[in-house]
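Here is how the chains run, residue by residue.
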Amino acid sequence: YKPSDFYLLDVPEIRDYVRATIHVYPKNLSKSFYRNKEKKIKIKSVAEEAIRVLGDKPSLLITYKDLESKFKKQLKKHSNILVDHFGNLIGENKYSKCTSVFFAGTNDWGTFEYFKQASTVSDKALDLTTVQHQAVRFKDPLVGKFYYTLLAVGMYQDLMRSNLRV
């Protein structure tokens, strides 16, 4: 499908998001953040921040599959904080009592997947190169926009597993 194939409607919002609070962790929690010799220290630090931010509220911490068991171990004394990994939440309702969600990572599918999907929906040739060591990851602005849109949709879908959807 091409973007011009769709008609967008302006629909009034029916959900109340006054319960949603967004806490921005002061570090980039990409997979590379956790991949070094200080991995245990970093997981402990992020878990401590989650405990501080989430308090006693029923909460969901979402992380990478390979870190899920490590976060569960760090948070085992905090039964109010449930832990699951990206890609394991679709269709799940067991977190519907959670009033808080903490993302201990970003569900990034990898550069090739964004190039592939952006190329599929675009009606023009795209520059499929990346930019190194800069905040802008993709050279083509359309690919960058597509990337951030997919990240946002993924986070939104994960949030909808919690009580924020009510």
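Presented here is an overview of the structure given in this document. (Residues numbered from 1 in each chain as written. Predicted model: local features only at pLDDT ≥ 70, side-chain atom pairs only at ≥ 80, totals over all residues. Heavy atoms only, no water.)

By size, the foremost hydrophobic cluster in this structure holds 26 residues, and its most contacted members are Tyr34, Val46, Leu61, Ile62, Phe71, Phe102 and Ala104. Considering every element that reaches this core, the biggest residue donor is helix 2 (residues 39-54), with five residues. Apart from the residues within four sequence positions on either side, tyrosine 34 is in contact with Leu29, Lys39, Lys42, Ile43, Val46, Tyr64, Leu67, Phe71 and Ala104. (Core = buried A, V, L, I, M, F, W, Y, C linked by side-chain atoms within 4.5 Å. Buried < 20%, exposed > 50% of the residue type's maximum accessible area, 1.4 Å probe, protein only. Helix = DSSP H or I, 4+ residues; strand = E, 2+ residues; numbered from the N terminus. Contact = heavy atoms within 4.5 Å.)

Moving on to the sheet that holds strand 3 (residues 100-103). Judged by pairing direction, the sheet is parallel, and its three strands sit side by side in the order 2-1-3 without closing on themselves. Edge positions in the open sheet fall to strand 2 (81-85) and strand 3, since each of these has one partner strand only. If you compare each strand with its neighbour and ignore which way they point, the axes differ by 25° on average. Pairing of strand 1 (residues 59-63) with strand 3, which is carried by four bridges, proceeds in the parallel orientation. Following the sheet pairing, isoleucine 62 is matched in strand 3 by phenylalanine 103. Strands strand 1, strand 2 and strand 3 of the sheet are contacted by helix 2, whose axis makes an angle of about 160° with strand 3. (Pairing = 2+ DSSP bridges. Axes fitted to C-alpha atoms, helices over the stretch in contact; angles between N-to-C directions.)

With that settled, consider the pattern of salt bridges. Applying the stated criterion across every chain, the model contains four salt bridges. One salt bridge connects lysine 44 with glutamate 48, and the closest N-O pair in it is separated by 3.9 Å. In this pair, lysine 44 and glutamate 48 are both assigned in helix 2, four residues apart and thus about one turn of the helix distant. Lysine 44 gets classed as partly exposed once you look at its relative accessible area, which sits at 43%. Between arginine 52 and glutamate 49 there is a salt bridge, with its nearest N and O atoms 2.9 Å apart. Here arginine 52 and its partner glutamate 49 are both found in helix 2, three residues apart, which amounts to about one turn of the helix. (Salt bridge = Lys/Arg side-chain N within 4 Å of Asp/Glu carboxyl O.)

A contiguous patch of positive charge on the surface is contributed by Lys40, Lys70, Lys73, Lys76 and Lys77. Along the chain, lysine 77 turns up in the loop between helix 3 (68-74) and strand 2. Exposure remark for lysine 77: the relative accessible area of 77% places this residue in the exposed category. (Patch = residues over 30% accessible without salt bridge, like charges linked within 9 Å, V, L, I, M, F, W, Y side chains within 5 Å. Areas by Shrake-Rupley, 256 points an atom, 1.4 Å probe, with all protein chains shown as cover. Lys, Arg positive; Asp, Glu negative; His and termini not counted. Charge placed at Lys NZ, Arg CZ, Asp CG, Glu CD.)

A separate point is the packing of helix 4 (residues 111-121) against helix 5 (residues 141-159). In contact at an axis separation of 10 Å, helix 4 and helix 5 are set at 110° when each is read in the N-to-C sense. Considering the angle they form, helix 4 stands roughly perpendicular to helix 5. Between helix 4, through Tyr114, Phe115, Gln117, Ala118 and Val121, and helix 5, the contact on the second element is made entirely by Val143, Phe146, Tyr147, Leu150 and Leu151. Its residues assigned to classes, the contact of helix 4 with helix 5 shows nine nonpolar, one polar and no charged. (Parallel < 35°, antiparallel > 145°, perpendicular 65-115°, else oblique. Nonpolar A, V, L, I, M, F, W, Y, C, P; charged D, E, K, R; others polar.)

Here the focus is the side chain of glutamate 49. Residue glutamate 49 is classed as buried on the basis of its relative accessible area, which comes to 15%. At 2.9 Å, the side chain of glutamate 49 and the side chain of arginine 52 are in polar contact. (Polar contact = N/O pair within 3.5 Å; in protein donor to acceptor, adjacent residues only side chain to side chain.)

A separate point is the packing of aromatic side chains. Per the stated rule, a full pass over the model turns up ten aromatic pairs. Residues tyrosine 114 and tyrosine 147 carry aromatic rings whose centres are separated by 4.8 Å and whose planes lie at 85° to one another, so their mutual orientation is edge-to-face. Linking tyrosine 114 in helix 4 with tyrosine 147 in helix 5, this pair joins segments that are 33 residues apart in sequence. Its relative accessible area of 8% is what places tyrosine 147 among the buried residues. Of the aromatic side chains, those joined through ring pairs into one cluster are Phe33, Tyr34, Tyr64, Phe71, Phe86 and Phe103. (Phe/Tyr/Trp six-rings, centres within 6.5 Å; stacked < 30°, edge-to-face > 60°.)

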